[in-house]
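# Architecture at a glance
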Amino acid sequence: MKPKTATGTLTALDRLEIQELTTGYGVHHDRRDFASLRDCFTADATYTMHIKGGPTYGPHAGPDAIVAQIQAFKESQNDTRRHHITNIQIEPIGDDTASVISYVLVSATDAQGLSIKTVGTYADTVTRTAEGWLIARKELHLDSAF
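Described below are features of the structure shown in this document. Per chain, residues are indexed from 1 in the order of the written sequence. For this predicted model, a pLDDT threshold of at least 70 governs which residues receive local features, and a threshold of 80 or more governs which side-chain atom pairs are given and counted, while totals over whole chains, interfaces and linings are taken from all residues. Only hydrogens and water are set aside when side-chain values are computed; all heavy atoms of the structure are taken into account.

Turning our eyes to something else, we now look at the nonpolar core. Within the largest apolar cluster, 28 residues are counted, with the highest numbers of intra-cluster contacts made by Ile18, Tyr25, Phe41, Met49, Val126, Ile135 and Leu140. The secondary structure listing takes helices from DSSP runs of H or I that are at least 4 residues long and strands from runs of E that are at least 2 residues long, numbered from the N terminus. Contributions of two or more residues to this core are made by α1 (12-31), α2 (34-38), β1 (41-51), α3 (63-75), β3 (80-94), β4 (97-110), β5 (113-129) and β6 (132-142). Considering each element in turn, this core owes the most residues, five residues, to β1. Two residues form a contact once any of their heavy atoms are found within 4.5 Å. If we skip the residues at most four places from it in the chain, Ile135 touches Leu21, Tyr25, Cys40, Phe41, Thr42, Ala45, Thr125 and Val126. In plain words, nonpolar cores are sets of buried Ala, Val, Leu, Ile, Met, Phe, Trp, Tyr and Cys residues tied together by side-chain atoms within 4.5 Å. Under the scheme applied here, a residue whose accessible area is under 20% of the maximum for its type counts as buried, over 50% as exposed, and between as partly exposed, the area being computed with a 1.4 Å probe on protein chains only.

Right, here's the structure in full:
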């Protein structure tokens with residue numbers, strides 16, 4: 001496999017912080033820790049969710065609108081959901097910006113047991129800020145409704 005070329009550089013610490021941001025998003029989502037979830041995004045962040053064969057939600061602009069949409073979905077769920085975020089690929093776009101592609105599998109547990117609700121791909125753009133790496137753009141492409 002040929003190495004990819006990039007327009008910027010990322011240190012090992014940058015990559016670790018970006019990976020922790022990516023997985024932390026899922027943890028905050030599952031814990032319904034909306035304050036911490038909000039802190040994952042830049043002030044001008046956008047979020048769009050596309051469901052294959054179904055509707056598109058967004059784009060939502062700004063952390064408040066993004067988290068409000070997520071919170072509305074969470075309030076309609078009566079099971080315990082977990083976001084399993086894997087296969088994280090980080091590519092620098094510049095010294096302070098990177099593209100992050102990852103897979104998500106959403107599982108749910110309720111009185112009937114464990115089930116897979118959906119799978120999909122996140123396509124994120126992250127930016128280095130004074131507060132650390134934050135999500136500037138998040139697009140979710142789900143293979144099915146949830």
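Let us look at the sheet that holds strand β2 (residues 56-61). Paired strands, in this sense, are two strands between which DSSP finds at least two bridges. An order of β2-β1-β6-β5-β4-β3 is seen for the six strands of this open sheet, with the pairing classed as mixed. Looking at the sheet topology across the chains shown, the edges are occupied by β2 and β3. The average angle at which neighbouring strand axes cross in this sheet is 20°, direction not considered. The pairing of β1 with β2 spans four bridges and is classified as antiparallel. The partner of Met49 across the bridge, within β2, is Tyr57. Here an axis means a line fitted to C-alpha atoms, over the contact stretch when the element is a helix, while the angle between two N-to-C directions is reported on a 0 to 180 degree scale. Packing of α1 onto the sheet brings it into contact with β1, β3, β4, β5 and β6, and relative to β3 it is tilted by some 155°.

This part takes up empty space enclosed by the protein. Residues are said to line a cavity or pocket when one of their atoms sits within 4 Å of a point; the points come from a 1 Å grid over protein atoms alone, cavities being sets where a 1.4 Å probe fits but cannot get out and pockets being open sets with protein on both sides within 12 Å along at least five of seven lines. Grid points are joined across faces, edges and corners, and a volume is the space filled by probe spheres set on the points. For the structure shown, the criterion picks out one cavity of 30 Å³ or more. In this model, the largest cavity occupies a volume close to 200 Å³. In this structure, the largest cavity is lined by 18 residues; those nearest its centre are His29, Met49, His83, Leu140 and Phe146. Of all the elements in the fold, those that place two or more residues in the lining of the largest cavity are α1, β1, α3, β3, β4, β5 and β6. Here the lining of the largest cavity gets four residues from one element, more than from any other, and that element is α3.

With that out of the way, let us pick up the packing of aromatic side chains. Paired rings are identified among Phe, Tyr and Trp, the last through its six-membered ring, by centres lying within 6.5 Å, and are further divided according to the angle between planes into stacked (under 30 degrees), edge-to-face (over 60) and tilted (the rest). Throughout the structure, instances matching the rule amount to three aromatic pairs. The interplanar angle of 85° and the centroid separation of 5.6 Å between the aromatic rings of Tyr25 and Tyr122 together place this pair among those described as edge-to-face. With Tyr25 in helix α1 and Tyr122 in strand β5, this residue pair connects regions lying 97 residues apart in the sequence. Residue classification places Tyr122 among the buried residues on the basis of a relative accessible area of 1%. Ring geometry for Tyr57 and Phe73: centres 5.1 Å apart, planes at 90°, overall edge-to-face. Taken as a pair, Tyr57 in strand β2 and Phe73 in helix α3 lie far apart in primary sequence, 16 residues in all.

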